[in-house]
Amino acid sequence: MGKFWVIFVALISILLPFLCNSFSPETPTDRRVLVLLDDFAIKSSHSLYFNSLKSRGFDLDFKLADDPNIALQRYGQYLYDALILFCPSVERFGGSVDLAGILSFVDSGHDLIIAADANASDVIREVATECGVDFDEDHSAMVIDHTSYAVSETEGDHTLIAGDDFIKSDVILGSKKINAPVLFKGIGHSLNPANSLVLKVLSASPAAYSANPKSKLSTPPSLTGSAISLVSVVQARNNARVLITGSISMFSNRFFRSGVQKAGSPTKHEKSGNEQFSTEISKWVFHERGHLKAVNVKHHKVGETEEPALYRINDDLEYSVEIYEWSGTSWEPYVAGDVQVQFYMMSPYVLKTLSNNKKGLYSTSFKVPDVYGVFQFKVEYQKLGYTSLSLSKQIPVRPYRHNEYERFIPAAYPYYGAAFSMMAGFFIFSFVHLYSK
Amino acid sequence: MARSLAGFLVFSLFVSICGAASLFQPISDSHRSAALELFTPDHGSFKSLEETYEALRTFEVLGIEKKPDVTASACRSISETLGSPSSTPKDLFYALKANSIAKCRINEKTSEGIITKLNAAVGGANSLLDFYYSVGGLVLIKDQTSRADVHLADTEGVFRSVKAFSQSDGRWRYSSNNPESSAFAAGIALETLAGIISLASSEIDQSLINTLKNDISKLFDSIEKYDDGSLYFDDKLVDGREYQGPLSTTSSVVRGLTAFAAVTAGSLNLPGDKILGLAKFFLGIEAPGDAKDFFNQIDSLACLENNRVSIPLILSLPSSVLSLTKKDSLKVRVNTVLGSNAPPLTVKLVGAYSSGSKDTSLVETQDLKFEAGTGVHILNNLPKTIDVGSYTFVFEIVLHESEHEKIYVTGSQTKVPIFVTGLIKIENAEIVLDNDLGNVEAQKKLDLAGQNAVSLSANHLQKLRLSFQLTTPRGHAFKPHQALLKLRHESKIEHIFVVGNPGKKFEIVLDFLQLVDKFFYLSGRYDIELAVGDAVMENSLLQAIGHVELDLPEPPEKAPRPPAQPVDPYSRYGPKAEIEHIFRAPDKRPPKELSLAFLGLTILPLLGFLVGLLRLGVNLKNFPTKAAPALFGILFHVGIGAVLLLYVFFWLKLDLFQTLKLLGFLGVFLVFVGHRILSHLAGTSSKLKSA
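Just so it is clear, the structure is predicted and the values come from calculations on it, not from any experiment. Chains are numbered independently. Their residues run from 1 in the order of the written sequence. Each chain is given a letter, starting from A, and each ligand a number, starting from 1, according to the order in which they appear as written. Reporting in this predicted model follows two pLDDT cut-offs: at least 70 for local features of residues, and 80 or more for side-chain atom pairs to be given and counted; totals over whole chains, interfaces and linings ignore these cut-offs and use all residues.

(A) Spatial organisation of the overall build of chain A. Strands here are runs of E lasting at least two residues and helices are runs of H or I lasting at least four, both read from the DSSP assignment and numbered beginning at the N terminus. When helices and strands are tallied, chain A shows nine helices and 26 strands. In chain A, which comprises 437 residues, the proportion classed as buried is 45%. What counts as a contact here is a pair of residues whose C-beta atoms, placed from the backbone, lie within 7 Å. When contacts within chain A are restricted to residue pairs at least 6 apart in sequence, those whose partners lie at least 24 apart make up 71%. Think of it as a crowd count around each C-beta: if 20 or more other C-beta atoms lie within 10 Å the residue is buried, if 12 or fewer it is exposed, and in between it is partly exposed, with C-beta placed from the backbone throughout.

(B) Layout of the overall build of chain B. Secondary structure summary: chain B contains 19 helices and 23 strands in total. Taking 691 residues into account, the globule formula puts the C-alpha radius of gyration at 26 Å, and chain B, at 53 Å, lies well above it. With respect to the principal axes defined by its C-alpha atoms, chain B has extents near 180 × 95 × 45 Å. Within chain B, the proportion of its 691 residues that are buried is 36%. Across chain B, every contact between residues at least 6 apart in sequence was considered, and the portion connecting residues at least 24 apart equals 71%. Only C-alpha atoms enter the radius of gyration, while the globule expectation follows 2.2 Å times N to the 0.38, with N the number of residues.

(C) Highlighting the packing of helix H2 (residues 29-38) of chain B against helix H3 (residues 49-62) of chain B. Residues and elements named next belong to chain B. It is at 11 Å that the axes of H2 and H3 come closest, and there the two elements cross at 160 degrees. Here H2 is positioned roughly antiparallel relative to H3, judged by the angle of their axes. Here H2 and H3 pass one another in a crossing that is left-handed. Judged by residue contacts, His31, Arg32 and Ala35 of H2 engage Thr58, Phe59 and Leu62 from H3. Under the scheme applied here, ten amino acids are nonpolar (Ala, Val, Leu, Ile, Met, Phe, Trp, Tyr, Cys and Pro), four are charged (Asp, Glu, Lys and Arg), and all others, including Gly, are polar. Looking at side-chain class alone, the contact of H2 with H3 contains three nonpolar, two polar and one charged residues. Axis angles are defined between N-to-C directions and span 0 to 180 degrees, where every axis is a line fitted to C-alpha atoms and, for a helix, only to the segment in contact. The cut-offs work like this: below 35 degrees is roughly parallel, past 145 is roughly antiparallel, 65 to 115 is roughly perpendicular, and the gaps in between are oblique. Left-handed describes a crossing whose near helix is turned anticlockwise from the far helix by less than a right angle; the clockwise case is right-handed.

(D) Structural view of the sheet that holds strand E15 (residues 425-434) of chain B. Residues and elements named next belong to chain B. Note on pairing: DSSP must find at least two bridges between two strands before they are called paired. Read from one edge to the other, the open sheet built from four strands follows the order E16-E15-E18-E21, with strand pairing classed as antiparallel. Either end of the sheet is taken by a strand with one partner, and the two such strands are strand E16 (440-445) and strand E21 (506-511). Across the sheet, the mean angle separating the axes of adjacent strands is 15 degrees when strand polarity is ignored.

(E) Just unusual backbone geometry, in detail. In this model, A:His158 sits at a positive phi of 60 degrees, which is unusual for a non-glycine residue. With respect to the helices, strands and loops of the structure, A:His158 is situated in the loop between strand E8 (142-144) and strand E9 (161-163). Of note in the backbone geometry, B:Lys492 takes a positive phi value of approximately 70 degrees without being a glycine. Along the polypeptide, B:Lys492 turns up in the loop between strand E19 (482-489) and strand E20 (494-498).

(F) Examining the UniProt feature "domain: OST48 middle" (unreviewed entry) in chain A more closely. UniProt positions are given in the numbering used here, feature names are shortened, and annotations may be inferred rather than shown by experiment. Taking the UniProt record as the reference, the feature "domain: OST48 middle" (unreviewed entry) is found at residues 299-437 of chain A. Summarising residues 299-437 of chain A: 17% helix, 43% strand, and an end-to-end C-alpha distance of 73 Å.

(G) Region of interest: the environment of B:Leu433. Residue and element names in this part refer to chain B. Here Leu433 is to be found in strand E15. Accessibility expressed as a C-beta count within 10 Å gives 20 for Leu433, which makes it buried. Separated by 33 residues in the primary sequence, Leu433 and Leu466 have C-alpha atoms spaced 8.8 Å apart. Ignoring sequence-local partners within four residues, the contact set of Leu433 consists of Glu441, Ala442, Leu456, Ala458, Gln462 and Leu464.

(H) Looking closely at the pairing of strand E21 (residues 340-345) of chain A. Residue and element names in this part refer to chain A. For E21 and strand E22 (residues 347-353), the ladder comprises six bridges, and the chain directions are antiparallel. Bridge pairing links Met345 to Ser347 in E22. Between the end of E21 and the start of E22, which pair antiparallel, lie one residue, with Met346 showing a positive phi angle near 70 degrees. The pairing of E21 with strand E25 (residues 373-381) spans three bridges and is antiparallel. Paired with Tyr344 across the bridge in E25 is Gln376.

(I) Representation of the domain arrangement of chain A in the model. On domain assignment, one finds that chain A holds domain 1 (19-285), domain 2 (292-402) and domain 3 (407-435). Put simply, the middle of domain 1 of chain A and the middle of domain 3 of chain A, counted by C-alpha atoms, are 90 Å apart. Where a domain begins and ends is set by an automatic assignment or by a domain database.

(J) The confidence of the model for chain A, seen in detail. The pLDDT value expresses, per residue, how confident the predictor is, ranging between 0 and 100. Summarising the model, chain A shows a mean pLDDT of 88, and 94% of its residues fall at 70 or more. Below pLDDT 50 for its whole length, residues 16-20 of chain A participates in one contact with residues either more than four positions away or in separate chains.

(K) Focus on the domain arrangement of chain B. Domain annotation for chain B reports domain 1 (29-124 + 132-145), domain 2 (151-309), domain 3 (314-421), domain 4 (425-555) and domain 5 (625-691). With centres defined by C-alpha atoms, the gap from domain 3 of chain B to domain 5 of chain B works out at 135 Å.

(L) Quick peek at the sheet that holds strand E11 (residues 376-379) of chain B. Residue and element names in this part refer to chain B. Read across the open sheet, the five strands follow the order E10-E11-E7-E5-E13; overall the sheet is mixed. Both edges of this open sheet fall to strand E10 (369-371) and strand E13 (408-409), since each of them pairs with a single strand only. With three bridges joining them, strand E7 (residues 330-336) and E11 adopt antiparallel strand pairing. Across the sheet, residue Val332 finds its bridge partner in E11, namely His377. In the packing of helix H12 (residues 272-284) onto the sheet, the strands contacted are strand E5 (311-316) and E13, and the crossing angle to E5 comes to about 55 degrees.

(M) Representation of the UniProt feature "transmembrane region" (unreviewed entry) in chain A in the model. Taken from the UniProt record, the annotation "transmembrane region" (unreviewed entry) applies to residues 413-435 of chain A. Across residues 413-435 of chain A one finds 100% helix and 0% strand; the C-alpha atoms that close the span lie 33 Å apart.

(N) Summary view of the confidence of the model for chain B. Per-chain confidence: chain B averages 83 in pLDDT, with 95% of residues scoring 70 or above. Under a pLDDT of 50 for its full length, residues 1-21 of chain B has, in the predicted model, 42 contacts with residues more than four places off or in other chains.

(O) Structural context of the interface of chain A and chain B. The partner chain B presents 82 residues to the 71 residues of chain A that form the contact. When contributions to the side of chain A that touches chain B are tallied by element, the ones reaching two or more residues are helix H2 (41-45), helix H3 (47-55), helix H7 (253-257), E22 and helix H9 (413-435) of chain A. Among the elements that line the side of chain A that touches chain B, the one with the most residues is H9(A), at 15 residues. Tallied by class, the residues present in the side of chain A that touches chain B amount to 32 nonpolar, 25 polar and 14 charged.

(P) Spotlight on helix H6 (residues 108-124) of chain B. All names here are of chain B. Given a helix with a known number of residues, its expected span is that number minus one, times 1.5 Å. End to end, H6 covers 25 Å across 17 residues, agreeing with the expected 24 Å (1.5 Å per residue, within 8%). Turning to H6, its buried residues are Ile114, Leu118, Ala121 and Val122. The arc that holds every buried residue of H6, seen down its axis, measures 100 degrees, which confines them to one face. Turned more than 90 degrees from where H6 packs its buried face, Glu108, Lys109, Thr116, Ala120 and Gly124 sit exposed. Contacts made by the buried residues of H6 are with helix H4 (71-83), helix H5 (89-102), helix H7 (128-145) and helix H8 (155-163). It is the directions from the helix axis to the C-beta atoms whose arc is reported.

(Q) Molecular detail of the environment of B:Ile101. Residues and elements named next belong to chain B. Tracing the backbone through its elements, the reader meets Ile101 in helix H5. Note: C-alpha distance between Ile101 and Gln565 (464 residues apart in sequence) is 66 Å. Among all residues touching Ile101, those that are not within four sequence positions of it are Tyr53, Leu56, Arg57 and Glu60.

(R) Quick peek at the environment of A:Val35. Residues and elements named next belong to chain A. Tracing the backbone through its elements, the reader meets Val35 in strand E1 (residues 32-37). Note on Val35: 23 C-beta atoms within 10 Å, which makes it buried. Separated by 27 residues in the primary sequence, Val35 and Phe62 place their C-alpha atoms 4.8 Å from one another. What Val35 contacts, discounting residues up to four positions off in sequence, is Leu60, Asp61, Phe62, Ile84 and Phe86.

(S) Spotlight on H7(B). Its 18 residues place the ends of H7(B) 26 Å apart at the C-alpha level, agreeing with the 26 Å of an ideal helix rising 1.5 Å per residue. With 14 of 18 residues buried, H7(B) lies mostly within the body of the structure.

(T) Representation of the packing of H5(B) against H7(B). Residues and elements named next belong to chain B. Put simply, H5 and H7 touch, their axes get as near as 8 Å, and they point 35 degrees apart. Regarding H5 and H7, the two cross each other, and that crossing is left-handed. Contact with H5, carried on its side by Pro89, Lys90, Leu92, Phe93, Leu96, Lys97, Asn99 and Ser100, involves Asp130, Tyr133, Ser134, Gly136, Gly137, Leu140, Ile141, Asp143 and Gln144 of H7 and no other residues of that element.

Rendered as structure tokens:
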């Protein structure tokens, strides 16, 4: 009986990843999302955003942030693929969730969306700081912009900002241009200059500053101009993606439906860019876009198909790799002109751009350098917004064998001739010496 | 507590989105479009009759004309439910509710059956919800079939058994064995009791009704309040199963209260402010994104719109940002919660307070002029005392007819935050470079509204002074929130200074000697930018003034290093330059002809040797004449030739091992034959000598 039980458990643990429709390297899009809220009213006030996620097949699990029963993992297995923190005011998470738990969740390759707000709590700020962005330390500060605010009949203090300084990246924001400005009302943050993984997606205008709108400004604001980031994304080295914004209301139904007119601009947009912006960026965060995989790394000598165990110097070889991009439902061929391969031993000896056949196959050919040693084929592909590809394949390169050198060198004919004439002379001399009288 | 706090935070979020701490807008067209988005039938019908009712009711209240046509499918499922013998009172209740709007025909026989069934259900009911559905169903069928004979058999008994669920604090329990009381249940109970009263064949005991009125006022004692004056009911979250959230709870109470007020005579003695507070709560949440919440909001507002207690009137402003320069007039609208017109009334502006000082009013009390065409109360010219700035205006509503005061509730005073904006005049802007003795070295006038391209150069002993003056449209000095001077070095390091105003003038003096440390001793070009902005300044600006070329001293040993600047993300990625391996160049070789020529030269000594031999007259006379030595001699020379030929083959194709092997055999052979021939030759020569 005990044996059956062990087999059953083993079977379940093997089948479990296939049974539950969840994240895997083969289908990198997240499925199960935990949404932590301050109040269930957000579920209704931000329903358009949540509905757009649900309609794309995400399984949203709404919980209060201080719910004592929430947990990210159980028995060492993560219960969710992504986490949405729509709880700017939470002082302490309930259950087993804490700062370290959230960070190890991200460290294990899961995705995170953080929306803060004015008076965001310390724990939310800490999570953001760990991701490489620093919210304005002044808790009452908001982003104020007196030149590119959204014109509003009821909004007079210019904290409702019409942001249109987007990052120029089709993979993050979709190929369709966001025409209408994005409404933003909340706190700004700055990026840690030492962190190269964090990107500003929506920047404030040069005239913006972060301060308390109600009190007089006596010291220079800590954040000003386009150094203020309104929305940032992080792509960690393990390809976990994080979205950080200082405004939870930018996801709200009200902002989604609201029209927008930027101050000083005559065009009034019927609908703000918030819906398009949040939908597109959530596609990126949840790996529906910009997730690459490389398969079928092959190399061989020109004219052959078998992969050799080693190359000789000066061989001509062909290298090919197939790269695909996840589209949310299937792997589509990835087409780009900047994938490069390195033939590398301590430093690249050859670095060549691969040409592609528009169907995902990238290939090139080159001559093995005349330096022998243990080389690597390396593809280190990093592109703004895409997951990074890092492939390496080791291959030794040997010098010529003794009999592979050139045998009859014309320049050496005098030497050969001298030796052979010497030998002929010796032969004749042997007769002369022995028999001559 | 934590919950209500969280709820408050969310609520304050909505309020802050509204932009005004106590400005509520009545239901408008945005709600109508939201309703059409939320209630979209799936293949011509809604999922359940409850949902159908909610959708129809919302469309009815909002007066939406272009609603999706679901009447046919709704009627089909209503008659199915009503005709089915297995329908529970709950199903019947929602079917009848949906029918109250869909207005399908119910035949006499069916309604007869339903009445008996519901009457039996009332008799057998033992929880609040049982009573609610069965009594509610009876009320609905009475209205729909206009039959006078629908009434409860033992009205008072039923009344008392429902009343038995009430608690001392005005809340109710769901059933007798559930100790938890809730305000949500109170609303349901009130609605049920209102139904019982309307179904009563005889007058209900007045004392029972009076205790119920008492319960209601107790329930209102537990009402909760937000900072902006809106009121709501909320239940404590105990196990979360029956917890409904503030919106559903408040909505249930409002529905029960208005139903109860509609069937009882006499007043409920509820202060009108509480009703107004409830109305504000529903208006403050804007358009919820959840169909159920949306229905609760709209239905409750509809209940408040025509209730017998007091009808709230909402004061709203189409625009709370007024421009002095454009001479905007102050417009105020007074509507009921659903946006219909209010009775004749006058709106008075009783005070205006600057957001800085709260104590003295800047205006005298004055009436706003009513424009009948647009239904707007207007104050055409803002008083002279109102300059640009943010203010709190206080309005009061005075109803014209005194009997309206019993029907409507307006709230004593409405405070509305108002922003008065205007174009600010910028004058006397100049930038001055002083030397260390205080003498002016360079002075440039600036036109901050236009383009400036100042080009200065300074060293660390000089001072840069920038000054300008701001005047409001009314001629007062103006202090903007944002008056920042930005110096940006070539290396993108920015330095920001707040421009202060010691007097009437805004002035900043940059003493470079004091600032060298802050500037990290970085000499070079600094771009100067000035940002002047305020919420009420219509011409907020960010101006590039020009640049100053600074010549600062060399940094001392321990000077702070400038901070790292973020790397441009676009340049961080992207393809690298290609690398081609440079192969070792092949050795230089002489041309082939030269090699062949030298090959010819190497043959020459051999030829010379041969010629020399011929000239010497060599002969082979010493060759043995006897057969055996001659054979050995021939074999010896053949052996030598073979060894030499082996060398040729070694050169052409053989490797060292093959060569050595063959050489070994040949060597042995050569030693043998060589010994024979050489000893023979030695023998003949010694014979010759001795002879």
